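# Summary of structural features
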Amino acid sequence: MHISDPKLIGRLAELGVELRTGTRLSEQTSLGIGGTTDLLRITKHESIPDLLQLLDESHVSHKFLGGGSNLLVGDGDLPWVVLQLVPHEPDVVLEGNFAHVDAAADLGRTVTFCAKRDLGGMEGLIGVPGTVGGALRMNAGAYGMQIGSYVREVKLYRAATRKVETLRGHQISFEYRHTSFAPDDMMLAVTLELPSKPYNEILQGIRICNEKRRSSQPLGQKSAGCIFRNPAGASAGRLIDELALKGFSVGDARVSDRHANFFVNAGHASAKDMLALIAYVRERVQKAYGVALDNEVVVWNA
Ligand code: EPU
């Protein structure tokens with residue numbers, strides 16, 4: 001979608017918004033898949049309600065982009081624009097055991113920054129690509145931990161009330177790869193409470209997780225991490241592997257040889273290829289085991 005309303009364009013500077021026209025989302029997503037649209041980069045987070053009001057008045061629909069690492073975006077000319085936060089500097093501020101973190105902060109850098117100041121707990125997340133806001137909205141986790149356990153406060157734009165609100169940790173539910181946030185809520189900042197731990201100990205934990213990840217996941221390839229949520233008591237990767245689907249491809253969309261729940265873009269895969277591969281694998285798993293796999297990856301295909 002291309003923003004052409006001069007009234008809207010004329011107000012962007014005062015709202016602290018930079019317009020990048022004709023952005024290729026394949027360059028913004030870890031899968032390297034996605035068509036073209038206008039990208040609005042937001043520096044003044046407090047102007048979000050006004051910006052969204054303006055977009056509404058101009059009949060421009062929108063989506064919120066985090067780090068693009070758990071996302072499958074459709075091909076071609078996309079029917080909505082994309083909003084993305086520019087992180088404030090500094091993006092992490094510590095106060096005792098509390099870390100106040102900008103939603104646009106890089107997750108890995110945040111974990112490392114806190115670790116160096118003897119704050120641990122998030123060792124498992126070190127190799128998970130993306131932003132803190134993205135991790136928060138889906139309750140990212142790995143190796144027995146999840147970010148939701150450390151959340152004490154979240155500042156967000158709530159689409160339902162059209163306001164910036166602050167929620168306390170107990171007002172949010174964090175489940176396995178799922179939260180009570182609405183799909184159109186936009187994470188702005190979070191306060192985490194992290195346990196004190198000596199840096200050396202945290203580093204040890206980080207090394208162990210890194211090693212496990214390197215030995216089981218296709219880290220150097222374009223992927224969106226795990227495609228499906230694990231069904232209760234099972235591993236989607238193992239189920240797909242047992243059907244001998246590693247290496248199975250639709251075009252350049254391929255089931256990873258290393259971990260069968262990672263689908264990689266092995267060249268110039270389109271969203272159409274990737275969606276066809278997802279549908280095929282889901283059907284095979286359903287037929288073989290009677291298990292309906294749910295997407296973990298977020299799909300923007302309309
Ligand atoms: N397995 C296979 N073949 C495969 C993949 C896995 O046999 O192709 C077996 C493994 O050998 C192991 C079991 O399945 O015995 C579980 O595998 P793994 O430890 O890799 O865990 P997972 O359940 O497949 C989950 C998360 C990952 C997270 C790891 C480590 C989901 C959907 N996946 O994977 O998260 O990194 O545990 O904690 O919850 C993600 O969310 O994108 C993601 C990659």
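Nothing here was measured: the structure is a model prediction, and the numbers come from that model. (Residues numbered from 1 in each chain as written. Predicted model: local features only at pLDDT ≥ 70, side-chain atom pairs only at ≥ 80, totals over all residues. Heavy atoms only, no water.)

## Side note on the sheet that holds strand β17 (residues 263-265)
One open sheet accounts for 3 strands, arranged β15-β16-β17; its pairing is antiparallel. In this open sheet, the two strands that pair with only one neighbour each are β15 (249-250) and β17. Direction of pairing for strand β16 (residues 253-255) relative to β17: antiparallel, over a ladder of 3 bridges. The residue of β17 that forms the bridge with R254 is V264. (Pairing = 2+ DSSP bridges. Helix = DSSP H or I, 4+ residues; strand = E, 2+ residues; numbered from the N terminus.)

## Observations regarding the packing of aromatic side chains
Evaluation of the coordinates by the stated rule reveals 4 aromatic pairs. Centroid distance F228 to F263: 5.8 Å. Interplanar angle 85 degrees. Geometry classified as edge-to-face. Linking F228 in the loop between α5 (199-216) and α6 (236-242) with F263 in strand β17, this pair joins segments that are 35 residues apart in sequence. The class of F228 is buried, set by a relative accessible area of 1%. Judged by its relative accessible area of 0%, F263 is buried. Note that R117 overlies the ring of F113, its terminal NZ or CZ placed 3.7 Å from the centroid. (Phe/Tyr/Trp six-rings, centres within 6.5 Å; stacked < 30°, edge-to-face > 60°. Buried < 20%, exposed > 50% of the residue type's maximum accessible area, 1.4 Å probe, protein only. Lys NZ or Arg CZ within 6 Å of the ring centre and 35° of its normal.)

## Some remarks on the nonpolar core
Generally speaking, nonpolar side chains in soluble globular proteins are found buried as a group. The biggest cluster of nonpolar side chains holds 56 residues, and the ones touching the most others in it are L83, M122, L125, V154, F181, M186 and L192. Excluding anything up to four places from it in sequence, V154 contacts L136, E165, T166, L167, I172, F181, M187, A189 and V190. Counting residues in each nonpolar core, the second largest holds 24 residues, with I227, L245, A253 and L277 among its members. (Core = buried A, V, L, I, M, F, W, Y, C linked by side-chain atoms within 4.5 Å. Contact = heavy atoms within 4.5 Å.)

## Focus on the site of the ligand
Residues in close proximity to the ligand total 20 residues, the closest being Y143, Y176, N230, D241 and E296. For the ligand, an oxygen atom lies 2.7 Å from a polar atom in the backbone of Y143. Within the complex, 73% of the 820 Å² of free accessible area of the ligand lies under protein. Sorting elements by how many residues they give to the shell around the ligand places α6 first, with 3 residues. Grouping the constituent residues of the shell around the ligand by class yields 7 nonpolar, 7 polar and 6 charged. (Near = heavy atom within 4 Å. Polar contact = N/O pair within 3.5 Å; in protein donor to acceptor, adjacent residues only side chain to side chain. Areas by Shrake-Rupley, 256 points an atom, 1.4 Å probe, with all protein chains shown as cover. Nonpolar A, V, L, I, M, F, W, Y, C, P; charged D, E, K, R; others polar.)

## Remarks on the pairing of strand β7 (residues 98-102)
The pairing of strand β6 (residues 92-95) with β7 spans 4 bridges and is antiparallel. Following the sheet pairing, V92 is matched in β7 by V101. Between the antiparallel neighbours β6 and β7 lie 2 residues, among them G96 with a positive phi of about 60 degrees. Where β7 lies against strand β14 (residues 186-193), 5 bridges are found, and the strand directions are antiparallel. Within β14, the residue paired with D102 across the bridge is A189.

## Some points on the sheet that holds strand β2 (residues 36-42)
Ordered by their spatial adjacency, 4 strands build an open sheet running β1-β2-β5-β3, and the pairing between neighbours is mixed. Single-partner strands in this sheet number two, and they are β1 (17-24) and β3 (62-64). Taking each pair of neighbouring strands and ignoring which way they run, the sheet shows an average axis angle of 30 degrees. The pairing of β2 with strand β5 (residues 81-85) spans 4 bridges and is parallel. Across the sheet, residue I42 finds its bridge partner in β5, namely L85. Against the sheet, helix α2 (residues 48-57) engages β1, β2, β3 and β5, with an angle of about 175 degrees to β5. (Axes fitted to C-alpha atoms, helices over the stretch in contact; angles between N-to-C directions.)

## Regarding unusual backbone geometry
Here the residue pair E89 and P90 is connected by a cis peptide bond, since its omega of -5 degrees sits within 30 degrees of zero. With respect to the helices and strands, P90 occurs in the loop between β5 and β6. We note that H59 has phi near 55 degrees; this positive angle belongs to a residue other than glycine. On the basis of relative accessible area, H59 is assigned to the exposed category, the value being 69%.

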